[in-house]
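Now for the letters of each chain:
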Amino acid sequence: MEFATFILAAQRGYHQSCDSVIGNSIEQTIASEQAGFNTAWFAEHHFNNYSLVPSPLMMVAHCAGLTSTIRLGTGVCVLPLYQPQRLLSEIGFADIVSNGRLELGVGSGYQQFEFERFGVDVDQAPAVFAEYLDILLKGLNQKVFEHNGQYEKIPLTAISLRTIQRPAPPIWIACGSARSMCRAYREGHNLFVTAFHNGLENLRTLRETIEAAAASRGKDVTAAKIGLLRCCYASDDQAEFDSYLDNARFQRRLSEALHQRRQQSRDGYLLQETPTQQDLSFETMRQNLPIGSVSRVIDRLLEEISILKPDQIAIQTQLGDFDQKTMLRQIELWGDKIIPAINKSLG
C-alpha cells in the first residue's frame with residue numbers, strides 16, 4: 001500500500017500569515033519524505049483562504065530541490081484555468097527538476113468564485129477539461145502536435161521541455177463522477193477519489209461505481225491505480241484529535257459553500273465559516289473516519305482498504321490552523337508505526 005500526504009495549505013484566519021502557511025506546507029513535505037511516505041500532493045485554488053497554492057507545479061518544482069526520493073504530485077491542476085500549451089512546458093520543467101518524480105493530477109474544478117475571476121464559465125468546465133486533457137496527451141506523446149477543437153485551435157507546435165518520464169508522468173484524474181472514472185479506464189489513467197467524511201457504506205458505493213466504470217470499458221478494475229483522499233489522525237489525546245476534526249470540518253464547510261456557489265466573505269477574501277445542516281458531529285466523524293488511537297486507526301484503515309481496495313491512501317495533513325509541531329509529530333508517527341503495521345498486515 002502506498003501512502004501520501006495531501007497538503008491543502010489552508011489559511012483559517014488572519015492570525016496565520018501566508019508565508020507561514022506555505023512554509024508549513026513545505027516543512028510537511030520534507031517530513032513526509034523522512035517518514036517514508038511515497039508521495040506528497042499539492043492542491044490548487046485561487047483568490048481566497050481555502051487554499052493558498054496557486055500552482056501545484058510551482059510547489060513541485062520548489063520541493064524537488066529540498067527532497068530526493070518522495071514523489072511530488074499536483075492534486076490537482078485545474079485544467080480549464082490554464083493554457084494547455086503553456087501547461088505542457090511547465091509539466092516538462094517540473095518533471096525535469098524533480099528528476100522524474102512528478103505525479104500529474106488533473107481535474108475540471110468546481111469553484112465558480114475562481115472561474116469568474118479567470119473569465120471562464122464553470123458550467124463548461126467538464127467539456128473544457130475533456131478537450132484540454134486531449135491536448136495534454138497529444139503534447140506529451142508527440143514531438144510535434146496540432147489541435148483543432150471547440151475551445152482551442154493550435155497550429156503545429158513543438159514542446160521544448162520534454163518530461164523525463166516517458167511517454168508521460170503518471171496521470172491521475174480527480175474522479176467525482178462515473179464519467180471521469182470511465183475516461184480514466186478508457187485511456188489508462190489513475191483515479192483520485194474521496195469519501196469526504198462519510199463512513200464504510202459510502203466506500204462500498206464508491207467501490208461499486210469504480211467497478212462499474214471499469215466494466216463499462218471492458219477493463220479489469222486493477223487496470224488503474226486508485227488513490228483515496230482521507231482525513232486520518234492517530235492520538236490518545238482528546239484535545240488533539242478534536243482540533244484536527246474541527247479543522248477538517250472547517251475545510252469541508254468552505255468546500256461545500258464554494259461548490260454550492262455560496263461564497264460568504266465580509267472583505268472579499270476571507271471566507272466565513274458557516275455551520276450547515278450537513279455538518280457531522282465530532283462523534284460521528286470519529287466513527288466514520290480512521291481517527292483515534294494508533295491501533296484503532298490501523299484497524300479502521302485495514303477495514304477500509306478491504307472494502308475500497310485502493311492502491312494509495314492520501315492523508316490530509318495541512319488543514320486550517322492545526323498546530324504545525326503537532327502535525328509534524330503525526331507525520332513521524334505514521335512513518336514509525338502506522339504505515340509499517342498496515343503493510344505488514346497486508347503482507
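The rules behind these values
Residues numbered from 1 in each chain as written. Predicted model: local features only at pLDDT ≥ 70, side-chain atom pairs only at ≥ 80, totals over all residues. Heavy atoms only, no water. Pairing = 2+ DSSP bridges. Helix = DSSP H or I, 4+ residues; strand = E, 2+ residues; numbered from the N terminus. Axes fitted to C-alpha atoms, helices over the stretch in contact; angles between N-to-C directions. Contact = heavy atoms within 4.5 Å. Expected span 1.5 Å × (residues − 1). Buried < 20%, exposed > 50% of the residue type's maximum accessible area, 1.4 Å probe, protein only. Arc of directions from axis to C-beta. Right-handed = clockwise from strand over helix to strand, strands pointing away. Phe/Tyr/Trp six-rings, centres within 6.5 Å; stacked < 30°, edge-to-face > 60°. Lys NZ or Arg CZ within 6 Å of the ring centre and 35° of its normal. Salt bridge = Lys/Arg side-chain N within 4 Å of Asp/Glu carboxyl O. Patch = residues over 30% accessible without salt bridge, like charges linked within 9 Å, V, L, I, M, F, W, Y side chains within 5 Å. Areas by Shrake-Rupley, 256 points an atom, 1.4 Å probe, with all protein chains shown as cover.

As recorded in an unreviewed UniProt entry, the chain goes by the name LLM class flavin-dependent oxidoreductase, listed as coming from Mesorhizobium helmanticense.

Peer 1: Can you walk me through the sheet that holds strand E4 (residues 102-107) in this structure?
Peer 2: The strand order E1-E2-E3-E4-E7-E8-E9-E12 describes a closed barrel built from 8 strands, whose pairing is parallel. When the angles between neighbouring strand axes are averaged without regard to direction, this sheet yields 25°. Alignment of strand E7 (residues 171-174) against strand E8 (residues 190-194), held across 3 bridges, turns out to be parallel. Among the inter-strand pairings, isoleucine 173 is bridged to a residue of E8, identified as leucine 191. Contacting E7, E8 and strand E9 (226-230), helix H6 (residues 178-187) crosses the sheet at an angle of about 155° to E8.

Peer 1: When you look at helix H3 (residues 84-97) in this model, what are you seeing that I'm missing?
Peer 2: Note: α-helices contain 3.6 residues per turn, so residues at a spacing of three or four share the same orientation. The terminal C-alpha atoms of H3 lie 20 Å apart, and with 14 residues this matches the ideal 20 Å at 1.5 Å per residue to within 8%. Among the residues making up H3, those that are buried are Pro84, Leu87, Leu88, Ile91, Gly92, Ala94 and Asp95. When H3 is viewed along its axis, its buried side chains cluster within an angular range of 165° and face the same direction. Where H3 is buried, its residues touch helix H2 (56-64), strand E3 (71-78), E4, helix H5 (125-141) and strand E5 (144-148).

Peer 1: Explanation requested: the pairing of strand E2 (residues 39-42) in the structure shown.
Peer 2: Two faces make up the sheet, and in a regular strand the side chains alternate between them. Side-chain alternation along E2 places Thr39 and Trp41 on one buried face and Ala40 and Phe42 on a second face that is also buried. Taken together, strand E1 (residues 2-7), helix H1 (residues 18-35) and E2 constitute a β-α-β crossover, and its handedness is right-handed. As defined by bridge partners, E2 adjoins E3 across 4 bridges and the pair is classed as parallel. When the sheet's bridge partners are listed, phenylalanine 42 is paired in E3 with threonine 74.

Peer 1: Before we go on, may I ask you to explain the pairing of E4 in this structure?
Peer 2: Extensive coverage of E4 is indicated by the burial of 6 of its 6 residues. Both faces of E4 are covered, namely the face carrying Leu102, Leu104 and Val106 and the face carrying Glu103, Gly105 and Gly107. The pairing of E3 with E4 spans 5 bridges and is parallel. Opposite valine 78, over in E4, you have glycine 107 as the bridge partner. Crossover handedness for the path E3 to H3 to E4: right-handed. Examined bridge by bridge, E4 and E7 share 3 bridges and lie parallel to one another.

Peer 1: How should H6 be read in this particular structure?
Peer 2: Taken residue by residue, H6 has Ser180, Met181, Cys182, Arg183, Ala184 and Tyr185 as its buried positions. Looking at the buried positions of H6, the neighbouring elements they touch are H5, E7, E8, helix H7 (200-216) and E9. Two residues or fewer past H6, glycine 188 is found with a positive phi of approximately 80°.

Peer 1: I would appreciate a short explanation of the packing of aromatic side chains in the present structure.
Peer 2: The geometry of an aromatic ring pair is captured by two quantities: the separation of the ring centres and the angle between the planes. Scanning all chains against the criterion turns up 10 aromatic pairs. Seen in terms of ring centroids, tryptophan 41 and tryptophan 172 are 5.5 Å apart; in terms of plane orientation they differ by 80°. Their pairing is edge-to-face. One end of the pair, tryptophan 41, is in strand E2; the other, tryptophan 172, is in strand E7, and 131 residues separate them in sequence. We classify tryptophan 41 as buried; its relative accessible area is 0%. Classification of tryptophan 172 by relative accessible area gives buried; the value is 0%. An aromatic cluster of three or more residues is present, and its members are Phe6, Trp41, Trp172 and Phe192. In this structure, arginine 117 is placed above the aromatic ring of phenylalanine 113, and the distance from its NZ or CZ to the ring centre is 3.8 Å.

Peer 1: Help me understand the pattern of salt bridges in this model?
Peer 2: Once their charged atoms are close, side chains differing in charge can pair, the charge on each being opposite to the other. Counting across every chain of the model gives 20 salt bridges. For aspartate 123, the salt bridge goes to arginine 261, with nearest N and O atoms at 2.7 Å. With aspartate 123 in the loop between helix H4 (112-118) and H5 and arginine 261 in the loop between helix H8 (238-259) and helix H9 (282-288), this pair connects stretches of sequence that are 138 residues apart. Among the residues examined, arginine 261 registers a relative accessible area of 36% and is labelled partly exposed. Each of Arg12, Asp246, Arg253, Glu273, Asp279 and Asp321 takes part in salt bridges that share partners, so that together they form one network.

Peer 1: So what exactly am I meant to see when it comes to a nonpolar patch on the surface here?
Peer 2: Residues Phe93, Ile96, Val97, Leu161 and Ile164 make up a contiguous nonpolar surface patch of about 380 Å² in total accessible area. Of note, isoleucine 96 is situated in helix H3.

Peer 1: Please clarify how unusual backbone geometry should be interpreted in this entry.
Peer 2: The omega torsion across glycine 75 and valine 76 is 10°, close enough to zero to call that bond cis. Among the structural elements, valine 76 can be located in strand E3. Cis rather than trans, the peptide bond between arginine 166 and proline 167 has omega equal to 0°. Tracing the backbone through its elements, the reader meets proline 167 in the loop between strand E6 (153-158) and E7. Located in the positive-phi region is phenylalanine 196, a residue other than glycine, with phi close to 50°. For lysine 309, which is not glycine, the phi torsion reads 60° and is therefore positive. Looking at the element boundaries, lysine 309 is found in the loop between helix H10 (294-308) and strand E12 (312-318).

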